[in-house]
Amino acid sequence: MKRVYAILFSLCALVISCGIGNRNSEEQGLRTIDGIPVRTVSIDTMELRDPFIVFDKEEHVYYMTGTGGHMWTSKNLRQWTGPYNILELDTTMWMGSNPTIWAPEIHKFKDKYYYMATFTRPDVIIDRVAGRDIPRRSCQLFVSDRLQGPYKPIVAERPLLRADQPALDATFCDDELGAGYIIYGHEWIQNWDGTVQIIRLSDDFSKQVGEPFVMFTASQNPWSSGVDSLGNKSFSPVMDAPFLFDTEGGKLGILFSTYIDDEYTVGVAYSTMYGLNGPWEIEPEPLLRGKQGHPMLFKDFDGTLVMAVHKDTVINDRHTSVPRLIEMDDQFEKLKVKGNYKF
């Protein structure tokens, strides 16, 4: 049945490439970007870091965003049409009108869709550590009634998190009482031991409540490797890209990325008491190697669990990154890699 669907979706992709798909996207409320033509490309050749995919069951459409902040659509996960503009930014925002945008995610909570991403404003320096200027970098939330956007800022004039700390790669979760939280990284360039931490949000998601709780740190990872601030061989201080998940076996886990020397790598930690407060234990071996990372999980149209990452590669003699899809197994307590996703 999956193969039959794949054939049908391939035909849909052909229709998209003929122009009908663009009209459909416009009908869905997606907005084109001035000066950038909408095009259809294969996932194997599209240049995109930090891919994040949402499957809309009602429309039977996949939506993907990533670093840069734009959106792409697909019927079959192989051919993607875009880019489309889904964010509303202006000069009054703390990050300015033209910030760098990393690692966006889209989560539905109650009857709203929330877009969260890392924004950097390089002309504002908040600290200097080990001879390095640290720019204003933080995570911000936007909201929309529709998955396709447009997304408007919940708060424009200030960062959601502490302004004196660089934060990145926010992901969303809620507890059994319906309170909203974000899990994010306090970036290693300031503390030299990157952390994964969680903070509760106010009911309107406009600010943090209390102080963040550190779930685990880069130095707790038994297998990472890098260079410390003095140039000595050490653990990698990088700890980013957290993504929370539950296995079918009832285990609560967090995917993350770090380095083994110069190789971007995926790891996983599990809560030993099945709750957000942990304690959290990092698995003794990485989950995925091969210069690929920034993982997230979603299910395709027939319920297959898929992990999306970006893989560092070379296209036309240029170093770049492309999205990669990997089939996963979570039937037992721990997540396992099954192999390349079969379209």
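Just so it is clear, the structure is predicted and the values come from calculations on it, not from any experiment.

Draft legend 1. Representation of the overall build of the chain in the model. When its secondary structure is counted, the chain shows three helices and 24 strands. For 343 residues, the compact-globule formula gives about 20 Å, and the C-alpha radius of gyration of the chain, at 20 Å, lands near that figure. C-alpha atoms of the chain, sized along the principal axes, occupy 55 × 50 × 45 Å. Within the chain, the fraction of its 343 residues that count as buried is 55%. Once local pairs closer than 6 in sequence are excluded, the contacts in the chain between residues at least 24 apart make up 51%. Just so you have it, the chain exposes about 15,600 Å², and 49% of that area is on carbon and sulfur atoms.

Draft legend 2. How the structure looks around the pairing of strand β3 (residues 52-56). Of all five residues in β3, five are buried, a share of seventy percent or more. By the alternation rule, side chains of β3 split into Phe 52, Val 54 and Asp 56 and Ile 53 and Phe 55, which are all buried. Note: β3 against strand β4 (residues 61-65), five bridges, orientation antiparallel. Following the sheet pairing, Val 54 is matched in β4 by Tyr 63.

Draft legend 3. Examining the pattern of salt bridges more closely. Applying the stated criterion to the full structure yields 12 salt bridges. The shortest N-O distance in the salt bridge between Lys 112 and Asp 145 comes to 2.5 Å. Placement of Lys 112 in strand β8 (residues 112-129) and of Asp 145 in the loop between β9 (132-144) and β10 (152-153) is noted, with a sequence separation of 33 residues between them. The closest approach of N and O atoms between Lys 334 and Glu 283, which form a salt bridge, is 3.0 Å. Of this pair, Lys 334 sits in the loop between β23 (318-329) and β24 (336-340) while Glu 283 sits in the loop between β20 (280-282) and β21 (292-299), and the two are 51 residues apart along the sequence. Members of the salt-bridge network, linked through shared partners, are Arg 162, Asp 164 and Glu 211.

Draft legend 4. Just the pairing of β8, in detail. One ladder, built from eight bridges, connects strand β7 (residues 100-109) with β8; its direction is antiparallel. Across the sheet, the residue bridging to Ile 101 is Phe 119, located in β8. Connecting the antiparallel pair β7 and β8 is a turn made up of two residues, with Lys 110 showing a positive phi of about 60°. Connecting β8 to the next strand, β9, in antiparallel fashion are two residues, including Ala 130 with a positive phi near 50°.

Criteria and thresholds
Residues numbered from 1 in each chain as written. Predicted model: local features only at pLDDT ≥ 70, side-chain atom pairs only at ≥ 80, totals over all residues. Heavy atoms only, no water. Helix = DSSP H or I, 4+ residues; strand = E, 2+ residues; numbered from the N terminus. Rg over C-alpha atoms; globule rule 2.2 N^0.38 Å. Buried < 20%, exposed > 50% of the residue type's maximum accessible area, 1.4 Å probe, protein only. Contact = heavy atoms within 4.5 Å. Areas by Shrake-Rupley, 256 points an atom, 1.4 Å probe, with all protein chains shown as cover. Pairing = 2+ DSSP bridges. Salt bridge = Lys/Arg side-chain N within 4 Å of Asp/Glu carboxyl O.

Just distances and angles here, no functional claims.
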